[in-house]
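# Understanding the architecture of this molecule
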6 protein chains.
Amino acid sequence: MGEAGDKAFFQPLSGMEVPRFAAPATFMRLPHVPLDHARIGEVEIGIVGIPWDGGTTNRAGARHGPRQMRDMSSMIRRMHPVTRRVPFDAANVADLGDVSVNPAGLEDTLGRVEGFYRRLAEFGIAPLTAGGDHLTTLPVLRGIARRQPVGSIHFDSHTDLNDSYFGGCKYTHGTPFRRAIEEGLIDPRRMVQIGIRGTMYDGEDYEFARSVGARLIPIEEFRERGLAAVMAEVRQIVGAGPTYVTFDIDFIDPAYAPGTGTPEVGGPTSYEAQACLRALDGLDVIGADVVEVSPPFDPSGNTAFLGVSMMFELLCVMTGALERRRG
Amino acid sequence: MGEAGDKAFFQPLSGMEVPRFAAPATFMRLPHVPLDHARIGEVEIGIVGIPWDGGTTNRAGARHGPRQMRDMSSMIRRMHPVTRRVPFDAANVADLGDVSVNPAGLEDTLGRVEGFYRRLAEFGIAPLTAGGDHLTTLPVLRGIARRQPVGSIHFDSHTDLNDSYFGGCKYTHGTPFRRAIEEGLIDPRRMVQIGIRGTMYDGEDYEFARSVGARLIPIEEFRERGLAAVMAEVRQIVGAGPTYVTFDIDFIDPAYAPGTGTPEVGGPTSYEAQACLRALDGLDVIGADVVEVSPPFDPSGNTAFLGVSMMFELLCVMTGALERRRG
Amino acid sequence: MGEAGDKAFFQPLSGMEVPRFAAPATFMRLPHVPLDHARIGEVEIGIVGIPWDGGTTNRAGARHGPRQMRDMSSMIRRMHPVTRRVPFDAANVADLGDVSVNPAGLEDTLGRVEGFYRRLAEFGIAPLTAGGDHLTTLPVLRGIARRQPVGSIHFDSHTDLNDSYFGGCKYTHGTPFRRAIEEGLIDPRRMVQIGIRGTMYDGEDYEFARSVGARLIPIEEFRERGLAAVMAEVRQIVGAGPTYVTFDIDFIDPAYAPGTGTPEVGGPTSYEAQACLRALDGLDVIGADVVEVSPPFDPSGNTAFLGVSMMFELLCVMTGALERRRG
Amino acid sequence: MGEAGDKAFFQPLSGMEVPRFAAPATFMRLPHVPLDHARIGEVEIGIVGIPWDGGTTNRAGARHGPRQMRDMSSMIRRMHPVTRRVPFDAANVADLGDVSVNPAGLEDTLGRVEGFYRRLAEFGIAPLTAGGDHLTTLPVLRGIARRQPVGSIHFDSHTDLNDSYFGGCKYTHGTPFRRAIEEGLIDPRRMVQIGIRGTMYDGEDYEFARSVGARLIPIEEFRERGLAAVMAEVRQIVGAGPTYVTFDIDFIDPAYAPGTGTPEVGGPTSYEAQACLRALDGLDVIGADVVEVSPPFDPSGNTAFLGVSMMFELLCVMTGALERRRG
Amino acid sequence: MGEAGDKAFFQPLSGMEVPRFAAPATFMRLPHVPLDHARIGEVEIGIVGIPWDGGTTNRAGARHGPRQMRDMSSMIRRMHPVTRRVPFDAANVADLGDVSVNPAGLEDTLGRVEGFYRRLAEFGIAPLTAGGDHLTTLPVLRGIARRQPVGSIHFDSHTDLNDSYFGGCKYTHGTPFRRAIEEGLIDPRRMVQIGIRGTMYDGEDYEFARSVGARLIPIEEFRERGLAAVMAEVRQIVGAGPTYVTFDIDFIDPAYAPGTGTPEVGGPTSYEAQACLRALDGLDVIGADVVEVSPPFDPSGNTAFLGVSMMFELLCVMTGALERRRG
Amino acid sequence: MGEAGDKAFFQPLSGMEVPRFAAPATFMRLPHVPLDHARIGEVEIGIVGIPWDGGTTNRAGARHGPRQMRDMSSMIRRMHPVTRRVPFDAANVADLGDVSVNPAGLEDTLGRVEGFYRRLAEFGIAPLTAGGDHLTTLPVLRGIARRQPVGSIHFDSHTDLNDSYFGGCKYTHGTPFRRAIEEGLIDPRRMVQIGIRGTMYDGEDYEFARSVGARLIPIEEFRERGLAAVMAEVRQIVGAGPTYVTFDIDFIDPAYAPGTGTPEVGGPTSYEAQACLRALDGLDVIGADVVEVSPPFDPSGNTAFLGVSMMFELLCVMTGALERRRG
């Protein structure tokens, strides 16, 4: 990690100095450090936007997620309220900008995203991503998990484990984790999904999960056993190995997160979501994302603010993992 | 129930085949079978819209409920996530269209609705209704409960048991259950209201309930005793007899259901609402409705989606009752 | 054309009989006649939705256009206010439903749309389409203009004549008319664009238009010469031959049409837009569309209502052409 | 008219003294003087709200008009920008509050409104009304035009001259002027409608107008002849006799006035609407209304502000008439 | 307290007599009694608006709070649903109007508010205030707590105990309670804050609280110990002495209260908020406020309705205290 | 001006390469060059945000203007559609970021803004500003017009020439041009206001304008004489001397620009506004601003897009002036 001077560069603008609504918006008011920036080599955790929703089968709009999340992230301050940790002191964090996607080219975009995250892997930058729809997680994993499958902690109301849509279409936001398992990017025995709910097509996705040894925790089980017990099991499932956390904003109830394309009623509160993420502390989280924030369905920006609040929790977890890896 | 061919006709369009935003909207993407349709005789459960809010004393708009609920119901899939039941396999369900109402004629409309439901009774179709304001439940009951009073399970933040408004007006959405008891449509000793809350006029409605033996469960009691205990009592109150379930969307807290005319803060979550309806399984539910969804107060459509999510739960309960009646 | 009985079938529901907010929504409250319907052979003009926006380079949402346009089209009545013509008396018009598209498959969808419109051509049905983004016009033309190039009257703020986007992507909503000319679907010397405005990339699209003999009428020329003179020239350009009219809702100023993905300020009013379309009377309009209505950017539905108001004008023009072809 | 002290009482609160968003909202920040107020006898022009939309055949919501119009009227200042007249100096103007209506009782409400306006007539107060739907104009006329029919200048996109709806319903917001003519409240030869447009049912209303000698000026004629010529004819039609002005906000194009229940595209601008009302100066306007502002369809309040801006113009015209009658 | 006649004057308009959307809006439909009104001397509890947000460091808009809260308060009825108390019977309550503030003058406004509340103190009127931003609580306390420091029960997601902003600015909505303690208006040992959460600047405010003996209860402690235990401690902290209750609407989760300038996710529900306020019964609450309702961020008005629902709870608590003080 | 390399740096990101919704938002997708950036010396025209609305007497929110205008400015392309000029080729243009303001300190902020613009003057950078409320123009003028008074072309619905508000408050957004004239920053004989309309306080501001020789052109005169004649006079009034253009978005009718704090009905269209600004070509415009865009009152962002469309026109005018000054 860098020196004092570097730290100053990587510090967010304070709302006590410059009002939150002022200045061009970057994630958490951090410096914008694109991949060709002189200081890219100093970055340890990179926040990246993937403004793309080409895999969306229902209501589009997640392409606008990164921009509104940058805007609302001005309301994030430096310090975690419970741990009092300041992630920006513990690691060099920066806004790496957005992947340059092709809104009219599905395969082209999958390649662009994979390429971008390969470069992050080369730089040794741990990625924290703001989607984009959930299909974007697939090329992220292709970029960072090529060498060995990772564990996956997946918060969502849907399994995203379907095989295909619309007569054979293999790549939609309903299929990425089927593909990731097939491609060996995720170790299904170290994979767990929390919060699954909503009416079902036919249960074939559940069957698939069972057949490969992945664990699904529907919302009813989450409520009955309680958050603490469930999260203890989650920790056990992924264990000490490298783990990716993927957080679909529709995990949280639509009262809290109306700005998403396929909401399902009966979900957790934002407080529970925070508690879930805080329970990941100590795991070796090597990357994470928050996806499916769709601004057109919540012009207020509150869903985006909820999303960046989740990103801050994930950033603190990732910072802890980074410090442990540093030893 | 019909044969294989019939079943294909009565199956909803799948979101895996045709995207949810495509095709003219019918309830749950079912076939539209008006009363003069050739196959009306095969329908077992009919979903009906009553686009009328002429009894509304406060903010109107529930007249637009059926249309937005049809639209949002495209997001309902085939299978129940807990029971894995597929109601569309268990019964022939169809969208019967809307009752043709008169927005400028209160008594005329009460007559039209009653007439429509009498015909359903003649066809032997169990109705699942999307309101409209809560006054619409009165003519529905007149149509289907003429022969014998039914039990009533009533989810609401208001009692709707007032006597009159505005100097003697007997028919508003604040009075239907007073009238239904007076007219012998509901057996008050088999009647229970859950979720009552909000500031009160004077308590005269509570007195009336007590005097006729109806049971009111305010939200505070609901919270203190717990959902399971309350719903066990509910089941005991209505017993094995024929029972109607009426669900005012303002039962659920306005954070979840902003699109309604007279919200009251401090209500249940959508998860609790689902749990309440799932607890009705096994009762002889012969009809049900979800009322007071008012789209102008929630252009996002999320309240309508919540409403149709409740309708799907009710449909599963009704399907079970139908199967038991079939023997 | 059919007999009296047929006419009754093809008449829209009247708002004087059934309130406009009642009944499942179809285009202009016409009967829903899918391609496998018994009476499809009687249809003369078919209104079709193409709920797809996979070619959209900017803000998506036009996939939701057909549904909201169906909803708002309940406010269309039978008779044209100036000509007093009733298009539903002059021709058998029906809502043919939506093309079944693939939101995650660009080429797949282009094929599906083309196939659908080939079948319409086989049935001899003249199509009036509700998009969808502007790329959808390309497969429509492929379906109906294979035999000979058509004239094209194009209302828009953009030329949609660009060559490619995002490093070689040939199919976006910014390129369809370049492709249509290249493929011989449109005769560029019988092609005119009206209302072009807004900041420009580099003018290469203008150059292309000039090189192939297509006529572009920017908004400044439209204002300076006046609507009557411009529309007289438009009529002259397309002449008596078969002509397609494509109407991008962003032709109209965003004050009138906020619900679209790429608005440009400084456009015509809705009154001028009506006048433009009325000036097409007498041309041989064999098909038409209204595209780029994007409901997420106008939850009020007013843009969709404006869109269906334009569709009604086009329907009247098409009905006139049909009558002339009948002789 | 009263003395200096009276005038101070009847002056609006200034936005230069108390900010516009402060203080309970009354029309134009005038004193609230209900009918039982000590100073009611001094009022010359009374602004009245009729919060009722029970005659609405399409989208309800005009019941909320008066409240939002009071709110937005805080932005009205004292002086007319062209004539430099201060109506609050020329007459004692007050907010008389709302008529106490019955939202679930059509005939009851018609009676209540008529009774209220009879009392205004007894007090010699000229009414300026904020609706409510257009049916409310009928009982207003019954209250003030019993003795002799008045002339009527009617700005609207609809004729509101239909005979009945929904199988014989004679009282809706589509019928009031048919009734008013039948009842002898309006002299049809001194009646003119301006701005009529939109698709038509069947033209029967036009026939009725012609048969009784009323004048209809469709928007196309308005545009072709020009505002000045049309308004000159309007003045000639009503002449010097007592005249009522009724202004349906849907006269103005929905880009300017989205907050209304039945918009029609292709209407005048707000500037033209102002010019129309300014052209009434010098006529004997004895009462006026602005109706059909429906806040649920424009939460921004801009339509309500447009409505009160029209009311200010009407107030200035009425003040002039009052001064002339004073001699 | 006054006699029968007085009581009638101080009774709210009933929604059973006059619909909720009718009549100019005052708080809870009470009479408007400005300070120069003849009956001001009879008022015991005065509801006051402070339409000012000049201390807001982030998103402004709370200046519009009082007006929208007046509007939505029409939905408050007479009787408390649990205690069945009618506060309007127990005390003379009136809407005193708004303090006349200066939106462009911070110090000027602080003086105006202080002066207004000094006059209330002279009249012996206990104030229930609708803000405005949280800085407005400071001059209220200056007005009513000059003689002796009061206890303070403070519901909020923020401490508002910061020292200064933007390079030495001592008066913002992030600093009022630091100032109130420094000025001796609040006794910090009788001060408690509940619900604190969200990312932190640096914890200096927490240090200050600890140093002066004030108690902070973060949301995590609130959840872990439970509402009952926490509120018991709250009662113990403030004891029997005179106590002020200040309620920032951002205490409640933004799913329930989106209409505020600086939301923090992970907050209590509206039911919990009600329970917290009901637990204050029996304390000597001499004044209270609900602040930071910001209508531009929730055009639906639901946040304002939540705010006035909290005000009704506070009114009942204040009425009880008043009765006890009467003996 | 710089060399080729410099030009590449100062070029906007193209929407044909990177989709418009991607990448952190800067004005017109230009590089962000804060005052301490290495290349600040090469900037010729600097786009600056002043996120401040502390002088607003009515509805606040313009503090959020710069951020939403940056967001929507992604839709601006390189080339002017009429002149085909590319301002980014003609001059080095950059986004200089926002002035660091104090939302709770009026005089502090006036000083900060003045200081910022003095530095721009030292760098020789011509400023194009996005407000902020109209009071922000005063310190801008203090920063750039100290040496000699400038001419002023002022588009607005209000004169902003009032003397004081709220009992002596000299600095609000209703007073800046009175102050600017008093301070000798504007030469009143070279000052012209276009579009003035709306109800008036008392006309004292008009008197002041007349007394100092400033020219006011109300909207009625604008319409009667026509845009061309008016703009010819405007050019004559300011002549060849250095001129500042200040554009209040409420100049344009609220149908086009709803997102502003104090709209006035009856204004020009966006097309007319473009024509007005294009008519300034050839004048020596040394600076310009677009103010009073208030995002909370138009969540759609369309008003902000209109604002940046006006900024693009102004940029082209300023670029022309710059080229002429270069000789």
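Residues numbered from 1 in each chain as written. Chains lettered and ligands numbered in written order. Predicted model: local features only at pLDDT ≥ 70, side-chain atom pairs only at ≥ 80, totals over all residues. Heavy atoms only, no water.

## Considering the overall build of chain A
Test applied: Going along the chain from the N terminus, every DSSP run of H or I of four or more residues is numbered as a helix, and every run of E of two or more is numbered as a strand. Just to be clear, the radius of gyration here is over C-alpha atoms, and the globule rule we use is 2.2 Å times residues to the power 0.38. The method behind every accessible area is Shrake-Rupley, applied with a 1.4 Å probe, and residues are considered shielded solely by the protein chains displayed.
Looking only at helices and strands, chain A has 11 helices and 8 strands in total. The C-alpha atoms of chain A give 18 Å as radius of gyration, which agrees with the globular expectation for 327 residues (20 Å, within 12%). Seen through its principal axes, chain A has C-alpha atoms that stretch 55 × 45 × 40 Å. Looking at chain A as shown, the accessible area adds up to about 8800 Å², and 52% of this sits on carbon and sulfur atoms.

## Brief notes about the sheet that holds strand β3 (residues 126-130) of chain B
Residues and elements named next belong to chain B. Stated precisely, the cut-off is as follows: Whether two strands pair depends on DSSP finding at least two bridges between them. Axes here refer to lines fitted to C-alpha atoms; in helices the fit is confined to the stretch in contact. Angles between the N-to-C directions go from 0 to 180 degrees. Note on definitions: a residue-residue contact is assigned when non-hydrogen atoms from the two residues lie within 4.5 Å.
With respect to topology, 8 strands assemble into an open sheet ordered β2-β1-β3-β8-β7-β4-β5-β6, the strand pairing being parallel. Of all strands in the sheet, those bounded by a partner on one side alone are β2 (93-98) and β6 (215-218). On average, adjacent strands in this sheet sit at an angle of 15° to one another, irrespective of strand direction. As defined by bridge partners, β3 adjoins strand β8 (residues 285-291) across 3 bridges and the pair is classed as parallel. Paired with leucine 128 across the strands is alanine 288, a residue of β8. Where helix α2 (residues 65-72) meets the sheet, it contacts β1 (45-49), β2, β3 and β8, and its direction lies at approximately 145° from that of β2.

## Some details on the relation of the copies chain D and chain C
The two chain copies are related to each other by a rotation about an axis together with a translation along it. Threshold: Copy-to-copy superposition: least squares on the C-alpha atoms, limited to residues that have pLDDT of at least 70 in both copies.
Between chain D and chain C, which share one sequence, the superposing operator has a rotation angle of 120° and an axial displacement of 0.0 Å; the RMSD is 0.0 Å. Here the symmetry operator amounts to a three-fold rotation axis. Across chain D, the smallest distance between a C-alpha and the rotation axis is recorded for D:Ala255, namely 3.3 Å. The residues that chain D uses at the interface reappear at the interface of chain C in only 7% of cases, marking distinct surfaces.

## Topic: the side chain of F:Thr26
All names here are of chain F. Put simply, the rule reads: Note on classification: 1.4 Å probe, protein chains only; a residue is buried when its accessible area is under 20% of the maximum for its type, exposed when over 50%, partly exposed between these limits. In protein, a polar contact requires one atom able to donate a hydrogen and another able to accept it; more generally it is a pair of N or O atoms within 3.5 Å, and residues adjacent in sequence count only if both atoms are side-chain atoms.
Along the chain, threonine 26 falls in the loop between α1 (4-9) and β1 (45-49). Judged by relative accessible area, threonine 26 falls into the buried class, the value being 11%. At 2.6 Å, the side chain of threonine 26 forms a polar contact with the backbone oxygen of leucine 30. If we ignore the near neighbours within four places in the chain, the residues touching threonine 26 are His32, Arg70, Ser73 and Asp95.

## Some details on the relation of the copies chain E and chain B
Aligned on chain B, chain E shows an RMSD of 0.0 Å; the corresponding rotation is 120° and the shift along the axis is 0.0 Å. Here only 7% of the contact residues of chain E are again contact residues in chain B; the copies associate through non-equivalent surfaces.

## A look at the interface of chain E and chain B
Put simply, the test is: Two parts placed together each lose some accessible area under a 1.4 Å probe, and the buried area is that loss summed for both. Salt bridges are counted wherever a side-chain nitrogen of Lys or Arg sits within 4 Å of a carboxyl oxygen of Asp or Glu.
The partner chain B presents 29 residues to the 30 residues of chain E that form the contact. Of the roughly 2600 Å² buried where chain E meets chain B, counting both sides, 58% is carbon and sulfur surface. When the buried area of chain E at its contact with chain B is split by residue, E:Met16, E:Arg77 and E:Tyr271 rank highest and sum to 31% of it. Across the pair B:Glu220 and E:Arg278 runs a salt bridge whose closest N-O atoms are separated by 2.9 Å. In this structure, the connection of chain E to chain B is made through 9 residue pairs in polar contact (both at pLDDT 80 or more). The element best represented in the side of chain E that touches chain B is helix α11 (residues 302-326) of chain E, accounting for 5 residues.

## A few points about the pairing of β2(B)
Residue and element names in this part refer to chain B. Most of β2 sits inside the fold, with 6 of its 6 residues counted as buried. The pairing of β1 with β2 spans 4 bridges and is classified as parallel. Along β2, the bridge assignment pairs isoleucine 47 with aspartate 95.

## Some points on the interface of chain D and chain C
Stated precisely, the cut-off is as follows: Three categories are distinguished: nonpolar for Ala, Val, Leu, Ile, Met, Phe, Trp, Tyr, Cys and Pro, charged for Asp, Glu, Lys and Arg, and polar for the others, with Gly belonging to the last.
Facing 30 residues of chain D, the contacting portion of chain C comprises 30 residues. When residues of chain D are sorted by the area they lose upon contact with chain C, D:Thr199, D:Tyr201 and D:Val265 head the list and together hold 29% of the total. Inspection of the chain D/chain C interface yields 2 salt bridges. The tally of links from chain D across to chain C stands at 9 residue pairs in polar contact (both at pLDDT 80 or more). Secondary structure elements with two or more residues in the side of chain D that touches chain C: α7 (204-212) and α8 (219-225) of chain D. When residues of the side of chain D that touches chain C are assigned to their parent elements, the largest contribution, 3 residues, is made by α8(D). In terms of residue class, the side of chain D that touches chain C is built from 12 nonpolar, 11 polar and 7 charged.

## Observations regarding unusual backbone geometry
The amide bond that connects B:Gly131 to the next residue, B:Gly132, takes the cis arrangement and shows omega of 10°. For E:Arg84, which is not glycine, the phi torsion reads 60° and is therefore positive. Topologically, E:Arg84 is positioned in the loop between α2 (65-72) and α3 (87-90). We classify E:Arg84 as partly exposed; its relative accessible area is 32%. With phi around 50°, F:Phe166 is a residue other than glycine that occupies positive phi space. Its place among the elements puts F:Phe166 in the loop between β4 (150-155) and α6 (176-182).

## Regarding the environment of B:Thr303
Residues and elements named next belong to chain B. By the element assignment, threonine 303 lies in helix α11 (residues 302-326). Separated by 181 residues in the primary sequence, threonine 303 and glutamate 122 place their C-alpha atoms 33 Å from one another. Excluding anything up to four places from it in sequence, threonine 303 contacts Ile249, Tyr256, Ala257, Pro258, Gly259, Val293 and Asp298.

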